[in-house]
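One-letter residues, chain by chain:
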Amino acid sequence: MNAILEMRGISKSFTGVKALSDVNLSVMPAEIHAVVGENGAGKSTLMKVLSGVYPHGSYDGQILFEGEERQFRTVNDSEALGIIIIHQELALIPLMSIAENIFLGNAPTRFGVIDRSAVFEQSRALLDKVGLKDNPDTRIADIGVGKQQLVEIAKALSKKVRLLILDEPTASLNEADSDALLNLLMEFRRQGISSILISHKLNEISRVADRITVLRDGRTVGTIDCHEGPVPEDEIIRRMVDRDLESRFPKRVPKIGETIFEVRDWSVEDPLRPGRDAVHKLNFSVRAGEIVGIAGLMGAGRTEFAMSVFGRSWGRNIRGEVQMHGKPVDLTTVPRAIAAGLAYVTEDRKQLGLLLDEDIRKNITLAHLNGVSNRGVLDDIAELKTAEGYRQRMRIRSSSVYQDTGKLSGGNQQKVVLSKWLFAEPEVLILDEPTRGIDVGAKYEIYSIINDLADSGKGVVMISSEMPELLGICDRIMVMNEGQFVGAFQREEASQEKIMRAIMRKEILQ
Ligand SMILES: Nc1ncnc2c1ncn2[C@@H]1O[C@H](COP(=O)(O)OP(=O)(O)OP(=O)(O)O)[C@@H](O)[C@H]1O
Ligand SMILES: [Mg+2]
């Protein structure tokens, strides 16, 4: 059988960075082909070359699709052949509805005008395929990033697809939704459609991939064939990273002290559904030196809870009280929350986390300039040292700390956001999906820094959809469902199964 896609000897440079050197990739018909590698290895760049985001002439090498050499000048050229790419950074229009986004530019018409009911009906059918139950008239701005990802996929399905490219599609999805998506890819395979899947979730890769191509530092390390049986994750990791990783989670002996942060009877009304609480009468606390996880399915209200506490950045009619060190604190605006010692690292780094036109150095020190100043005057050398320290420890792949964050790979941007808040050393740090899209090696470093923070007596709250991660680093895990806590487990007693059971049982904790 002939390959449907062959990329030969692809090289691509940006000013100062060689992102790809002589990369080869071949995809067979009806194949799920995974592409893996550390943050900054060149995965997204390779897919942008393939889809014409980087036009012919801006790279070296050859692209053959269905046996013929292709020279795409724009994304439209590759789409016309059925090569559909869903980018890592979503490209939906926030103020338009789900249906409008799906059919943007190719809406069904009737006598020359857009046929609204057909748009609605067809959107409904596409949303069913990806398992999204929301009304197609809902605005994109009003659904979470996880659901936005599903809308992107529904949108792709509205076009003729021969080769579907998914750049980290499941990064923001919970397990059930990821499963549905992977099943969808397997269904495509049965229909003869090929897909390229980029993901840092190696368990998913080893489950569905027919073959896996590994990139490291912009070069092809090799392609692993999975037809002989499942490939162990450790083997994939060994090829991805050029160093040994002994375990996934750093060891730590917790030293837990007094309660430093306490939320009482916290209720928040959903701005979209007046009269209904998205978060209802929550009681929550964190002690000094403690890492508390919040588990739950997408839509459980975890992000809404965190954002409503952090400067009331979400929700209306917020009721309840927050205390720090036993005293009520005013967290009614974001600056007040930061001044009180609270920090919240969002799951949506593009929206709320980074200044993309500023360099890595400025972004890291921004939230804590006192830490790099002398009597109110910025100390350039201290600033540089601090930023360089994080750059190395977090393995932020860049030419230097002077590189603009907007030009970093997705995972490396996330590392900058994290560095910024870790450096700010808040009393209580709330992390919302901190390792989303981050490679295995860097995750270990992030866990180590979180541990250091806890060991210095701070409190850490970790919202994550990756249960192994919560089980691996948290001292206590709270389980949330429909805006309320339905389970609480100490480290020793927690297990994936118990957490899932608590979610199903829905017995509300008092
Ligand atoms: N527009 C750009 N200008 C300059 N450098 C860039 C640009 N886009 C990407 N790079 C660099 O090219 C390299 C590869 O980036 P790419 O986004 O392909 O990585 P990736 O494998 O997708 O990583 P991740 O897992 O973090 O998404 C990185 O070092 C990145 O900084
Ligand atoms: Mg990428």
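Note that this is a predicted model, so its numbers are computed, not measured.

## Describing the overall build of the protein chain
Of regular secondary structure, the protein chain possesses 17 helices and 24 strands. Expected size for 510 residues packed as a compact globule is a radius of gyration near 24 Å; at 23 Å, the protein chain falls within 12% of this value. The dimensions of the protein chain, computed from C-alpha atoms along their principal axes, are 70 × 55 × 45 Å. Here the protein chain holds 510 residues, and the buried ones make up 54% of them. Accessible area of the protein chain: about 22400 Å², with a carbon and sulfur share of 48%. Across the protein chain, the 65 positively charged side chains and the 72 negatively charged ones have centroids separated by 1 Å.

## Some points on the domain arrangement of the protein chain
Each assigned domain of the protein chain is listed with its residue range as follows: domain 1 (5-241), domain 2 (245-341 + 426-510) and domain 3 (355-425). Put simply, the middle of domain 1 and the middle of domain 2, counted by C-alpha atoms, are 32 Å apart. On the domain 2 side, the residues contacting the 21 residues of domain 1 number 15 residues. Contact between domain 1 and domain 2 buries roughly 1500 Å² in total, counting both sides, with carbon and sulfur atoms accounting for 56%. For the pair domain 1 and domain 2, the interface holds one salt bridge. Here arginine 248 and glutamate 233 are joined by a salt bridge, their closest N and O atoms 2.9 Å apart. Between the two partners, domain 1 and domain 2, sit four residue pairs in polar contact (both at pLDDT 80 or more). Of all the elements in the fold, those that place two or more residues in the side of domain 1 that touches domain 2 are helix 5 (145-157), helix 6 (175-190) and helix 8 (233-240). The biggest single contributor to the side of domain 1 that touches domain 2 is helix 8, with four residues. Tallied by class, the residues present in the side of domain 1 that touches domain 2 amount to seven nonpolar, five polar and nine charged.

## Overview of helix 4 (residues 116-130)
The end-to-end C-alpha separation of helix 4 is 21 Å, in line with the 21 Å expected for 15 residues at 1.5 Å each. Looking only at helix 4, the buried set comprises Ala118, Val119, Ser123, Arg124, Leu126, Leu127 and Val130. Packing partners of the buried residues in helix 4 comprise helix 3 (98-102), strand 8 (113-114), helix 5 and helix 6. Count one or two residues on from helix 4 and you reach glycine 131, which has phi positive near 75 degrees.

Rules used in this analysis
Residues numbered from 1 in each chain as written. Chains lettered and ligands numbered in written order. Predicted model: local features only at pLDDT ≥ 70, side-chain atom pairs only at ≥ 80, totals over all residues. Heavy atoms only, no water. Helix = DSSP H or I, 4+ residues; strand = E, 2+ residues; numbered from the N terminus. Rg over C-alpha atoms; globule rule 2.2 N^0.38 Å. Buried < 20%, exposed > 50% of the residue type's maximum accessible area, 1.4 Å probe, protein only. Areas by Shrake-Rupley, 256 points an atom, 1.4 Å probe, with all protein chains shown as cover. Lys, Arg positive; Asp, Glu negative; His and termini not counted. Charge placed at Lys NZ, Arg CZ, Asp CG, Glu CD. Domains from an automatic or database assignment. Contact = heavy atoms within 4.5 Å. Buried area = accessible area lost by both parts, 1.4 Å probe. Salt bridge = Lys/Arg side-chain N within 4 Å of Asp/Glu carboxyl O. Polar contact = N/O pair within 3.5 Å; in protein donor to acceptor, adjacent residues only side chain to side chain. Nonpolar A, V, L, I, M, F, W, Y, C, P; charged D, E, K, R; others polar. Expected span 1.5 Å × (residues − 1).

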